[in-house]
Amino acid sequence: MQKLFNRRTVLLGGALAISAFAGPPVMAQEWPNKPIQLVIPYPPGGSADLLARPLALQLQQQLGQPVVLEYKAGAGGTVASQYVARAKPDGNTILMVLAAHAINDSLYPKLPYNTRKDFTPVSLVANLPMIVVASNKLAARDVPSLIKAAQADPGGLTFGSAGNGNTGHLAGELFSTTAGVKMTHVPYKGSAGVVNAMLSNDIHLTFDSISTSMPQIRSGRMHAIAVTSHKRSALAPEIPTVQEQGLNDFDISGWYAIIGPANLPANIAQRLSSEIAKAIASPQLKEQMAAGGYEPVGSTPDELKTHIDNEITRWSAVVKSTGARID
């Protein structure tokens, strides 16, 4: 990643001795006083990366310290989560999580961390509508024709996702259950792998973030079936929702949040939350997010905690009802 800022040395005065018998003075440092590592749970090129890059640039301008992206992909995001759960809670190692962070709590029989207890919520950054996209090997152009094609060939239609347990995987499973059809899930290592498989006509469709699929849809190399959120996306208002096409109450959107290790000091969590809110409100980042279909949110740490708790409960019910499993 290109470094836009050189490391800045902050000179801070020593603490005053309380008495003549006090020990050596301690340097009073304020966060941030060194580069911040923003861990991304998926490979470069996916929707998390597309949001994290401009966000990191904006944050480092505001904070005066480099914000370095560290990619730790694997096991549906659990590799990155475990890494951050074990990191020192000093604000210098933070994690971007997606809905998969909440899904994994019920999808994996045993995690190397506690989703609710081993992290400190910081801020819900953005929501991102998902889209049902078909490769050009599939003639279906809307939800009714997609369902008809799946009914005609049970298990024959394949849908790809960026990995087992991610939102795209669960969205496909929930679609199959809701529509009463059977489709076969094919996991890949990140969104880029799914896009390549779609372009090669190796799979029939995917439930993808709208930010990564729209360029291919615009070029005619794939075609859109529906948006999965309850309302149409401002990025592609011409594409109807799944609900509009007959599957009532089908509402899935991706979300992106920043969390840190457990016991992150409240003042650091609050400061970082405020800086994120400031960043996503900046004209440049706001424009970049809109171009990718991201809907800025910004939240307090407490609001994010409530959101994650609700998402864990919601996706637990989806995992149970769909019978989703790690392939």
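Since we're looking at a predicted model, the values are computed, not measured.

### Considering the overall build of the protein chain
Part 1: When helices and strands are tallied, the protein chain shows ten helices and ten strands.
Part 2: Against the compact-globule benchmark of 20 Å for 327 residues, the protein chain has a radius of gyration of 21 Å, which places it among compact chains.
Part 3: Seen along its three principal axes, the alpha-carbon backbone of the protein chain occupies a region of about 85 × 40 × 30 Å.
Part 4: The 327 residues of the protein chain split such that 52% are buried.
Part 5: When contacts within the protein chain are restricted to residue pairs at least 6 apart in sequence, those whose partners lie at least 24 apart make up 79%.
Part 6: Summed over its atoms, the accessible surface of the protein chain is roughly 14900 Å², and 52% of this surface lies on carbon and sulfur atoms.
Part 7: One finds the centroid of the 27 positive side-chain charges in the protein chain at a distance of 6 Å from the centroid of its 23 negative side-chain charges.

### Quick notes on the pattern of salt bridges
Part 1: All told, the structure shown has eight salt bridges when counted by the stated rule.
Part 2: Between Glu 244 and Arg 232 there is a salt bridge, and its shortest N-O distance comes to 2.8 Å. Remark: Arg 232 occurs in the loop between strand S8 (222-227) and strand S9 (253-261) and Glu 244 occurs in the loop between S8 and S9; sequence separation between them is twelve residues.
Part 3: Residue Glu 244 is classed as partly exposed on the basis of its relative accessible area of 48%.
Part 4: Taking relative accessible area as the criterion, Arg 232 reaches 36% and is therefore assigned partly exposed.
Part 5: One network of salt bridges, in which partners are shared, links Arg 116, Lys 305 and Asp 309.

### A closer look at the packing of helix H5 (residues 167-179) against helix H10 (residues 301-322)
Part 1: H10 packs onto H5 with a crossing angle of 55 degrees between their chain directions and a minimal axis gap of 10 Å. Regarding the angle of H5 to H10, the classification is oblique. Pair H5 / H10 crosses with left-handed handedness. Along its contact with H5, which presents Thr 167, Leu 170, Glu 173, Leu 174 and Thr 177, the element H10 presents Trp 315, Val 318, Val 319, Ser 321 and Thr 322.
Part 2: Of the residues contributing to the contact of H5 with H10, the split by class is five nonpolar, four polar and one charged.

### So, the environment of Val 122
Part 1: Mapped onto the elements, Val 122 comes out in strand S4 (residues 119-135).
Part 2: We classify Val 122 as buried; its relative accessible area is 0%.
Part 3: Along the backbone, Val 122 and Ile 259 are 137 residues apart, and their C-alpha atoms lie at a distance of 5.0 Å.
Part 4: Apart from the residues lying within four places of it in its own chain, the contact partners of Val 122 are Ile 258, Ile 259, Gly 260, Leu 264, Ala 269, Leu 272, Ser 273, Ile 276, Ser 299, Thr 300, Pro 301 and Leu 304.

### Quick notes on the nonpolar core
Part 1: Ranked by size, the top nonpolar core spans 50 residues in total, and within it Leu 146, Phe 175, Met 183 and Phe 207 carry the most contacts.
Part 2: Tallying contributions element by element places H10 first for this core, with six residues.
Part 3: Once residues within four sequence positions are removed from consideration, Leu 146 is found in contact with Val 132, Leu 138, Ala 140, Leu 157, Phe 175, Leu 205 and Ile 225.
Part 4: Leu 55, Val 194, Leu 264 and Ala 269 belong to the second-largest nonpolar core, a separate cluster that totals 49 residues.

### Thoughts on the packing of aromatic side chains
Part 1: By the definition in use, this model includes five aromatic pairs.
Part 2: Ring centres 5.6 Å apart and planes at 55 degrees place the aromatic pair Phe 175 and Phe 207 in the tilted group. Here Phe 175 is found in helix H5, whereas its partner Phe 207 is found in strand S7 (residues 205-209), with 32 residues between them in sequence. For the pair Phe 175 and Phe 207, one class covers both residues: buried.

### Description of the pairing of S9
The side chains of a regular strand alternate, residue by residue, between the two faces of the sheet.
Part 1: Summarising burial for S9: eight of the nine residues are buried, a large majority.
Part 2: Alignment of strand S3 (residues 93-98) against S9, held across four bridges, turns out to be antiparallel. If you follow Leu 98 over to S9, its bridge partner there is Tyr 256.

### Remarks on the environment of Ala 197
Part 1: Among the structural elements, Ala 197 can be located in helix H6 (residues 191-199).
Part 2: You can call Ala 197 buried: its relative accessible area is 4%.
Part 3: Along the chain, Ala 197 and Leu 107 lie 90 residues apart, while their C-alpha atoms are 25 Å from each other.
Part 4: If we skip the residues at most four places from it in the chain, Ala 197 touches Tyr 188, Asp 202 and Ile 203.

### Let's talk about H6
Part 1: Within H6, the full set of buried residues consists of Ser 191, Val 194, Val 195, Ala 197 and Met 198. Each buried residue of H6 lies within a common arc of 165 degrees when the element is viewed along its axis, so the set occupies one face.
Part 2: Packed against the buried residues of H6 are helix H1 (47-63), S4, strand S5 (158-161), S7, helix H7 (210-218) and S8.
Part 3: Two residues or fewer after H6 comes Asn 201, characterised by a positive phi angle close to 60 degrees.

The rules behind these values
- Each chain carries its own residue numbering, running from 1 in the written order of its sequence.
- Selection of residues for local features in this predicted model requires a pLDDT of at least 70, selection of side-chain atom pairs for listing and counting requires 80 or more, and totals for whole chains, interfaces and linings are taken over all residues.
- Computation of side-chain values: all heavy atoms of the structure, hydrogens and water removed.
- Where helices and strands are cited, they refer to DSSP runs of H or I of at least four residues and of E of at least two residues respectively, numbered from the N terminus.
- The atom set for the radius of gyration is the C-alpha atoms, and the globule formula is 2.2 Å times the number of residues raised to the power 0.38.
- Throughout, exposure labels follow a simple rule: accessible area from a 1.4 Å probe, protein chains only, divided by the maximum for the residue type, with under 20% read as buried, over 50% as exposed, and the rest as partly exposed.
- Should any heavy atoms of two residues lie within 4.5 Å, those residues are considered in contact.
- Each accessible area value is a Shrake-Rupley result obtained with a 1.4 Å probe; residue values ignore everything except the protein chains displayed when judging cover.
- For this count, His and the chain ends are skipped, Lys and Arg are scored as positive, and Asp and Glu as negative.
- In this description, the location of a charge corresponds to atom NZ of lysine, CZ of arginine, CG of aspartate or CD of glutamate.
- Salt bridge, as applied in this entry: a Lys or Arg side-chain nitrogen positioned within 4 Å of an Asp or Glu carboxyl oxygen.
- Here the axes come from fitting lines to C-alpha atoms, over the contacting stretch only for helices, and the angles between their N-to-C directions go from 0 to 180 degrees.
- Reported orientations rely on four angle classes, namely roughly parallel under 35 degrees, roughly antiparallel over 145, roughly perpendicular from 65 to 115, and oblique for the rest.
- Crossing handedness: left-handed means the near helix sits turned counterclockwise from the far one by under a right angle, and right-handed means the same turn made clockwise.
- Charged residues are taken to be Asp, Glu, Lys and Arg, nonpolar residues to be Ala, Val, Leu, Ile, Met, Phe, Trp, Tyr, Cys and Pro, and polar residues to be all remaining types, Gly included.
- To define a nonpolar core, start from buried Ala, Val, Leu, Ile, Met, Phe, Trp, Tyr and Cys residues and group those joined through side-chain atoms within 4.5 Å.
- Side-chain rings of Phe, Tyr and Trp, where Trp is taken by its six-membered ring, are said to pair if the distance between their centres is within 6.5 Å; with planes under 30 degrees apart they count as stacked, over 60 as edge-to-face, and otherwise as tilted.
- Pairing between strands requires that DSSP locate at least two bridges from one strand to the other.
- The directions considered for the arc run from the helix axis to the C-beta atoms.

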